[in-house]
Each structure stands twice: as C-alpha cells, then as structure tokens.
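Take a look at the letters that make up each chain.
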Amino acid sequence: PPPASPTAPALTMSDPDGPLYDLESAGARPGADWTGFFGQVQDTAGDPVEGVLTIVWYRDGQPASPAVPTDGGGNYEIRLADGPLAGTWTVQLLSADGSPASELFTFETDENTETGIQQIQVIWKQIP
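By convention here, each chain's residues receive numbers from 1 onward along its written sequence. Only residues with pLDDT of at least 70 get local features here, since the model is predicted, and only at 80 or more are side-chain atom pairs given and counted; chain-wide, interface and lining totals rely on the full set of residues. Hydrogens and water molecules were not included; the side-chain quantities draw on all heavy atoms of the structure.

A few points about the overall build of the protein
Only DSSP runs of H or I reaching four residues or more are called helices, and only runs of E reaching two or more are called strands; each is numbered from the N terminus. A count of helices and strands for the protein gives zero helices and eight strands. Starting at the N terminus and ending at the C terminus, the protein contains elements arranged as β-β-β-β-β-β-β-β. Taken over the C-alpha trace, the protein has a radius of gyration of 15 Å; the compact-globule value for 128 residues is 14 Å, and the two agree within 12%. The buried label applies to any residue whose accessible area, calculated with a 1.4 Å probe on protein chains only, is under 20% of its type's maximum; exposed applies above 50%, and partly exposed to all values in between. When burial is assessed residue by residue, the protein has 41% of its 128 residues classed as buried. Two residues form a contact once any of their heavy atoms are found within 4.5 Å. Once local pairs closer than 6 in sequence are excluded, the contacts in the protein between residues at least 24 apart make up 68%. Only carbon and sulfur atoms are counted for the fraction: they give 49% of the accessible area of the protein, which is about 7000 Å². We compute the radius of gyration over the C-alpha atoms and compare it with the globule rule, which gives 2.2 Å times the number of residues raised to the power 0.38. Under the convention used here, a 1.4 Å probe and the Shrake-Rupley method define accessible areas, while residue burial counts only the protein chains that appear.

Okay, here's the thing in structure tokens:
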C-alpha cells in the first residue's frame, strides 16, 4: 500500500509568541450585498505582501472561513455571508504552516444595512 499522506495540522485560534504582523488600521461600512472582511497585508515599507493567509474565527475558536491567501497586490477578501449577518468575529493572519502570524482582533457585525457594520477593512503591516 502507498505510504500515508501527511496531514496538515489543525488550525488553532491563539495569539503567537512573537507576531510577524500587527494591525495597521481598521474601518467598517454597511453593506447589503455581503458580510465579511477585506484589506491588505503590507511589509515594513508599506509594499503589498503576496501569499499571507488570513482567517476569520467564530467566537468558540472554530474557523468561520478557510485561510485565504493575499493576492499579488497583498489584498484579501473573506465573505462570511451573502447579505447582512450579525456576529462576533475574530480575524488573524497565519504563516504558511498555519501557525499564528498576528495577534487576534475581534469585531462585531450586525444586520442594519443603513447604519450598521457588515464589511470590515483590516490593513496589516509587518513588524520590523
């Protein structure tokens, strides 16, 4: 029989011992089309970083999304719902091996599309 394939370690919601990235800024806007997170990952000079994984966690520590890599412009978008969705979400960057690369940051969304929050922008910057 063929050898067993190695399995990736399970992702775990936790703060890292030494974060590689920190929250640079965050903002939010209402939106009727979708609820989730978007933003960019930058290096120490402010240039975009490709391939950094972003994940959103449920309050209980389970993944609310897959880990999504940044594109060539350092951008990411994670849609949690196609419409307004109330919830408490924690966003984090991960290293290529799935280990925490940033601290955990928690945000809340609601269902009010006129004055509430559905789409949250988070900009991350590499720590020198």
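Details of the sheet that holds strand 4 (residues 68-69)
Taken in spatial order, the four strands make up an open sheet running 4-3-6-7, and their pairing is antiparallel. In this open sheet, the two edge strands, each paired with only one partner strand, are strand 4 and strand 7 (105-109). Examined bridge by bridge, strand 3 (residues 53-57) and strand 6 (residues 87-94) share five bridges and lie antiparallel to one another. Bridge pairing in strand 6 links Thr54 to Leu93. Should DSSP find at least two bridges between two strands, the strands are taken to pair.

Some points on the sheet that holds strand 2 (residues 35-42)
Here we have four strands laid out as an open sheet, ordered 1-8-2-5, and mixed in their pairing. Bordering the open sheet on either side are strand 1 (21-29) and strand 5 (75-81), each of which pairs with just one other strand. Between one strand axis and the next, the sheet turns through 20° on average, direction left out of account. Helix axes use the C-alpha atoms of the stretch in contact, all axes being lines fitted to C-alpha atoms, and the angles between their N-to-C directions lie in the range 0 to 180 degrees.

A closer look at the pattern of salt bridges
In the sections that follow, a salt bridge refers to a side-chain nitrogen of Lys or Arg positioned within 4 Å of a carboxyl oxygen of Asp or Glu. Applying the stated criterion across every chain, the model contains one salt bridge. Linking Arg79 and Glu77 is a salt bridge whose minimum nitrogen-to-oxygen distance equals 2.7 Å. Residue Arg79 is classed as partly exposed on the basis of its relative accessible area, which comes to 46%.

Everything listed here is a matter of coordinates, which is why it stays silent on function.
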